[in-house]
Amino acid sequence: MSAASCTGSESDGSQDDRWDDWEGDEMDAPMKCLFCAELFRQPAALFRHASAAHAFDFPAIRSALGLDFYQSMRAVNYIRARVLAEPGFGAAAGLAIDGSESFLSDDAFLKPVIPDDSLLYALDDLDLGDPDAEDQHRHPEPQRGPGSGGSDAPGEREMAARVRLLEQQLEQRDREMAALAAQFEDYKQLVKRQFYDSASDAAGAEPEARGDGSDYYFDSYAGNDIHMQMLQDKVRTDGYRDFMYDNKDLFKGKVVLDVGCGTGILSMFAARAGAAKVVAVDNSDIIHRAQANVIENGLGDVVVLVRGKIEELELPVDRVDIIVSEWMGYFLLFEAMLDSVLVARDRYLAPGGLLAPSASYIYLTAISDEAYMSDKVRYWDSVYGFKMSAMRPPEGEAKEADVDVVPAESVAASRALLAEIDHGSATPAVLDFSSPFALRIARDADIHALLGYFDVAFSRSQAAPGPGREELCLPVHDDGGDVAARALWRQPASRMGGFTTGPHGTPTHWKQTIFVLRAPIAAKQGDELRGTFACRKSATNPRELDLEITYCHIPAGAAAAAAGPSVCEKYRLR
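Because the structure is a prediction, the values reported are computed rather than measured.

**Notes on a nonpolar patch on the surface**
No. 1: A cluster of nonpolar side chains, contributed by Tyr 384, Phe 386, Met 388 and Met 391, occupies part of the molecular surface with about 520 Å² of accessible area.
No. 2: You can see Phe 386 is positioned in the loop between α15 (370-377) and β9 (399-400).

Following this line, the structure appears as structure tokens:
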């Protein structure tokens, strides 16, 4: 029956309270029963229906338990949520509430289950236990003027209740936002803890979490294991020690800056070599242990440790005479720490000052190594009898350059000098480079990969930072003696030192960098590989490298025009 067809004779007291008998012009928002689909225009009628049809006497419960407005709101929203999740909940048997229920104090139930639930607006200003309340609400007395002793108009009371409800909803949103913010902070700390845990599994110590958003590069140097690995690299550590101890006249009375001091080993070498003051800088938590190391060895009056990035610090000295730093990464330039050394040089190195090491060089050669190919590349062809081709990068996508120790006997070609870096004059721009190369094949072999490595030089004068270019480009000769294995050059007359990370020398923690070719090249002795090698910092992370190698195979005795097709391959060093 529509509202339009209702006649007075068809209406009775109970039906008059139902929503379906209201005239459209007189309607307020409907109130839905807590347990069924019945609609009512007054809360008292709704609760009389709930008591009669569903054995749930809310006014009596509210009065007996002394529920306030907010507890009443939570109860209503709790029941509506349960009915929405479980149709038929409480419809047949009465719902018992004794005041101990957790939902009565759970602010989650301040949020309306039914949008704009008009029943909630009426909870604040109606005495649900007063049978006259319905009539008062249905037939309100005229609004009285100020001072008449009358109450506000029902419309104003309803509006006040609505405002109060909206304020509660806003407060609930604020609490939810605060909880989300706290959860996000917990998530960030969890990610940091997971990072530090994985680092400490390898490092043997868990660094303190820092909330300053610092570069994880520095945090990766906070543990012990990585420093033990570097200290145990005798080529590296002996190279620095020998240069400083063999040239104490250079260090005596001088001010030395150690960039990226780590455990403080180079700073202590410099102090023992006679330096008057050593300023040791590191932005990792390792600096705290470096300080302890310095004090334990009685060098606290010489070595001053400073925490921070060299680019951002103001050092306790205006100028230094010597900068020492072990900044080298894989393929020399990985991690981009040389950039920081160049900043230190430009800001603090006195005219005529020295850097140790003074120069560095990047080389390329070619290898033939069936064992490596079987273990690392063809491994995915059969993994316990299963093919896993998807584990290889798709055709045309940059491949990961590998870092591993390659035996000297795998080298099958001459070497080419790709980059020569004078640390006294280089700028960051030259650290991205493109260089032509030509490799002469030394024996008949399938060329599986190109191989990159670096050498460094220690000079007494930055004016002559390393060997001349002719010497640098000479073939590698290793007579098996200790000197040849430990250092690429050692010139007693000039007392210049240095070391190699190449396969012809003693293995180092830098190993070599392997660029596996898309397809092996069947080469004969005397053939050449010619091409261009490009190296640049990654656009997404400047501490990583993007590398591109373009090459062709030229048979022995053939003109360059007879070269095979040119191949371009891209690699990433991450």
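What follows picks up the thread again.
**Some thoughts on the packing of aromatic side chains**
No. 1: Applying the stated criterion across every chain yields a total of 21 aromatic pairs.
No. 2: On the numbers, 5.4 Å between centres and 75° between planes, the contact of Phe 35 with Phe 56 is edge-to-face. With a gap of 21 residues between them, Phe 35 in the loop between β1 (31-32) and β2 (39-40) and Phe 56 in the loop between α2 (43-54) and α3 (58-65) connect regions that are remote in the sequence. In terms of burial, Phe 35 and Phe 56 fall into one category: buried.
No. 3: Three or more aromatic residues joined by ring pairs form one cluster here, namely Tyr 240, Phe 243, Phe 251, Phe 454, Phe 458, Phe 499 and Trp 510.
No. 4: Seen from the ring of Tyr 245, Lys 248 lies directly overhead, with NZ or CZ sitting 5.2 Å from the centre.

**Describing the pattern of salt bridges**
No. 1: Within the structure shown, the criterion is met by 23 salt bridges.
No. 2: Asp 249 is paired through a salt bridge with Arg 460; the nearest N and O atoms lie 2.8 Å apart. Residue Asp 249 is located in helix α11 (residues 248-251), and its partner Arg 460 is located in the loop between β13 (445-458) and α16 (469-472); the two are separated by 211 residues in the primary sequence.
No. 3: Its relative accessible area of 46% is what places Asp 249 among the partly exposed residues.
No. 4: Counted as one network, the salt bridges with shared partners bring together Lys 234, Asp 238, Arg 241 and Asp 242.

**Quick notes on the layout of surface pockets**
No. 1: In this structure, the largest pocket encloses a volume near 720 Å³.
No. 2: Looking at the largest pocket, it is lined by 28 residues, and the ones nearest its centre are Val 377, Arg 392, Pro 393, Lys 399 and Val 516.
No. 3: Secondary structure elements with two or more residues in the lining of the largest pocket: α15, β9, β15 (512-523) and β18 (567-573).
No. 4: Grouping the amino acids of the lining of the largest pocket by side-chain chemistry returns 15 nonpolar, 1 polar and 12 charged.

**Quick word on the UniProt feature "domain: C2H2-type" (unreviewed entry) in the protein chain**
No. 1: Those places that UniProt annotates as "domain: C2H2-type" (unreviewed entry) correspond, in this numbering, to residues 31-59.
No. 2: Taken end to end, residues 31-59 is 48% helix and 14% strand, and its two terminal C-alpha atoms sit 16 Å from one another.

**Side note on empty space enclosed by the protein**
No. 1: Enumeration according to the criterion identifies 3 cavities of 30 Å³ or more in this entry.
No. 2: A volume near 60 Å³ is recorded for the largest cavity.
No. 3: What lines the largest cavity is simply Leu 333, Ala 336, Leu 338, Asp 339, Leu 431, Asp 432, Lys 537, Pro 542 and Leu 545.
No. 4: For the lining of the largest cavity, the per-class residue count stands at 6 nonpolar, no polar and 3 charged.

**Looking at the sheet that holds strand β3 (residues 255-259)**
No. 1: Taken in spatial order, the 5 strands line up as β5-β4-β3-β6-β7 in an open sheet, and their pairing is parallel. If you trace the sheet from one side to the other, it starts and ends with β5 (303-307) and β7 (349-356), each paired once. The mean inter-strand angle of the sheet, taken between neighbouring strand axes irrespective of direction, is 20°.
No. 2: In this sheet, β7 lies alongside strand β6 (residues 320-324) in parallel orientation, the contact comprising 4 bridges. Looking at the pairing, Ile 322 lines up with Leu 354 of β7.
No. 3: Where helix α12 (residues 265-272) meets the sheet, its contacts fall on β3, β4 (277-282), β5 and β6, and the angle it forms with β4 comes to roughly 175°.

**Notes on the nonpolar core**
No. 1: If you look at the biggest cluster of nonpolar residues, it comprises 92 residues, and the most contacted ones within it are Leu 257 and Phe 533.
No. 2: In terms of residue count, the dominant contributor to this core is β13 (6 residues).
No. 3: Leave out the neighbours within four places in its chain, and Leu 257 touches Val 279, Val 281, Ile 310, Leu 315, Val 320, Ile 322, Ile 323, Val 324, Ala 344 and Tyr 348.
No. 4: With 32 residues, the next largest nonpolar core counts Phe 56, Phe 109, Ala 122 and Leu 123 among its residues.

**Some details on the environment of Glu 395**
No. 1: Structurally, the position occupied by Glu 395 is in the loop between α15 and β9.
No. 2: Its relative accessible area of 67% is what places Glu 395 among the exposed residues.
No. 3: As for Glu 395 and Arg 518, which are separated by 123 residues in sequence, their C-alpha atoms are 9.0 Å apart.

**A look at the pairing of strand β8 (residues 359-367)**
No. 1: Here β8 lies mainly inside the structure; 9 of its 9 residues are buried.
No. 2: Along β8, one buried face is formed by Ala 359, Tyr 361, Tyr 363, Thr 365 and Ile 367 and the opposite face, lined by Ser 360, Ile 362, Leu 364 and Ala 366, is buried too.
No. 3: Where β8 meets strand β11 (residues 416-422), 6 bridges bridge the pair, whose relative direction is antiparallel. Residue pairing for β11: Leu 364 is matched across the bridge by Ala 416.

**Description of the state of the cysteines**
Should the sulfur atoms of two cysteines be covalently bonded, the bond is a disulfide.
No. 1: This structure, assessed with the given rule, holds 0 disulfides.
No. 2: Cys 33 carries a free sulfur, and the closest cysteine sulfur to it, the one in Cys 36, is 3.5 Å from it.

**Some details on unusual backbone geometry**
Among all residues save glycine, negative phi is the norm, and among peptide bonds the norm is trans.
No. 1: Put simply, Ala 356 and Pro 357 share a cis peptide bond, and its omega is 5°.
No. 2: Relative to the elements of secondary structure, Pro 357 occurs in the loop between β7 and β8.
No. 3: The residue Glu 335 is not glycine, and still its phi comes out positive at about 90°.
No. 4: If you trace the backbone, Glu 335 turns up in the loop between β6 and α14 (338-348).
No. 5: For Tyr 384, which is not a glycine, the phi torsion comes out positive at approximately 55°.
No. 6: Structurally, Tyr 384 is set in the loop between α15 and β9.
No. 7: Residue Tyr 384 is classed as exposed on the basis of its relative accessible area, which comes to 78%.

The rules behind the values
Residues numbered from 1 in each chain as written. Predicted model: local features only at pLDDT ≥ 70, side-chain atom pairs only at ≥ 80, totals over all residues. Heavy atoms only, no water. Patch = residues over 30% accessible without salt bridge, like charges linked within 9 Å, V, L, I, M, F, W, Y side chains within 5 Å. Areas by Shrake-Rupley, 256 points an atom, 1.4 Å probe, with all protein chains shown as cover. Salt bridge = Lys/Arg side-chain N within 4 Å of Asp/Glu carboxyl O. Helix = DSSP H or I, 4+ residues; strand = E, 2+ residues; numbered from the N terminus. Phe/Tyr/Trp six-rings, centres within 6.5 Å; stacked < 30°, edge-to-face > 60°. Buried < 20%, exposed > 50% of the residue type's maximum accessible area, 1.4 Å probe, protein only. Lys NZ or Arg CZ within 6 Å of the ring centre and 35° of its normal. 1 Å grid on protein atoms, 1.4 Å probe; cavity = no way out; pocket = protein on both sides within 12 Å on 5 of 7 lines; lining within 4 Å. Points joined across faces, edges and corners; volume = space filled by probe spheres on them. Nonpolar A, V, L, I, M, F, W, Y, C, P; charged D, E, K, R; others polar. UniProt positions renumbered as here; feature names shortened; annotations may be inferred. Pairing = 2+ DSSP bridges. Axes fitted to C-alpha atoms, helices over the stretch in contact; angles between N-to-C directions. Contact = heavy atoms within 4.5 Å. Core = buried A, V, L, I, M, F, W, Y, C linked by side-chain atoms within 4.5 Å. Disulfide = S-S within 2.5 Å.

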